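# Coordinate inspection notes
Here is what each chain is made of, one letter per residue.
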Amino acid sequence: MIKISELCKSYGSNQVLKSINFEFNKGNVYGIVGENGAGKTTLFRCIAGLENYEGEIESELNPLKNNLGLLLTEPYFFAKITGGEYIKLLCNARGITVNDIKSKNIFDLPLNQYASTYSTGMKKKLALTAILLQGNEYFILDEPFNGVDIQSNILLTEIILKLKNLNKIILISSHIFSTLSDTCDEIHLLRKGEQIKSVEKKEFKDLEEEMKTITIGNRLDRLELR
């Protein structure tokens, strides 16, 4: 369980998160959606212990960050570290020894090549592989499907469903609604740092239509396309 109570986060006078309250339970996948700047990544960074904040974040396993696999939108890699060395580094940080990394290279990455030379999608797949091999109980996946080829997206969907079956807690943000519909049990909508709505699977279609209406509005008419 992860419980968030009255979470607030500001950067100077700019309040990015406003009294956020969530409870995330084992064996469930939660989607966090909203426009750019809604506060999704800041929320994830607070949960991961990368930001100071007001309010409380509690979990069954403490410290939470030591049991959390965080996939950032743009993972960072040292300049002179190979893909294989990166995986070993992250596993060593959890006190885990991974034998035969080659057999666990499910995305067929060039593990002897410097990770900094990887494409955007390859970097994301490398970072995901590393946090999966850490044996984490909680996962935060910030835009995991962006920049990744369609075959890997299919595999990623199955990985998320497998983690759910293993009773993990998974939080996902995505601008691709179909990926959330395929994996999530609940979707939470943020707007300008506030909780707007939380819906269960049976209401996903209604939420998608609502978001489409709000997003499109009269914008197409204003273009006066001919």
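You'll find the structure just up there.
Below or above, wherever it landed, is the structure these notes cover. Worth saying up front: this structure is predicted, and the values here are computed from it rather than measured. (Residues numbered from 1 in each chain as written. Predicted model: local features only at pLDDT ≥ 70, side-chain atom pairs only at ≥ 80, totals over all residues. Heavy atoms only, no water.)

## Focus: the nonpolar core
Selection criterion: For this analysis, a nonpolar core means a set of buried residues of the types Ala, Val, Leu, Ile, Met, Phe, Trp, Tyr and Cys, connected via side-chain atoms within 4.5 Å. Using a 1.4 Å probe on the protein chains alone, a residue whose accessible area is under 20% of its type maximum counts as buried, one over 50% counts as exposed, and one in between counts as partly exposed. Only runs of H or I of at least four residues qualify as helices and only runs of E of at least two qualify as strands under DSSP, and these elements are numbered from the N terminus. Any two residues whose heavy atoms approach within 4.5 Å are treated as being in contact.
Counting residues in each nonpolar core, the largest one holds 38 residues, and the members touching the most others are Y86, L126, L128, L141, I160, I170 and I187. With 5 residues, the single largest contributor to this core is helix 3 (residues 120-133). Excluding residues that lie within four positions of it along the chain, L128 makes contacts with L71, F107, L141, L156 and I159. By size, the runner-up hydrophobic cluster in this structure holds 23 residues, among which are I2, F22, F44 and A48.

## Looking at the sheet that holds strand 4 (residues 54-59)
Rule in force here: Pairing between two strands is assigned when DSSP locates at least 2 bridges connecting them. Only C-alpha atoms enter the line fits that serve as axes; for helices the fit covers just the stretch in contact. Angles between N-to-C directions range over 0 to 180 degrees.
Across the sheet, which stays open at both edges, the 3 strands sit in the order 2-1-4 with antiparallel pairing between neighbours. If you trace the sheet from one side to the other, it starts and ends with strand 2 (14-24) and strand 4, each paired once. Adjacent strand axes in the sheet meet at a mean angle of 20° when their direction is disregarded. Of the strand pairs in this sheet, strand 1 (residues 2-11) and strand 4 are connected by 5 bridges, and their pairing is antiparallel. Each residue of the ladder has a partner; that of S5, found in strand 4, is E56. With respect to the sheet, helix 1 (residues 40-47) is in contact with strand 1, strand 2 and strand 4, its orientation differing from that of strand 1 by roughly 120°.

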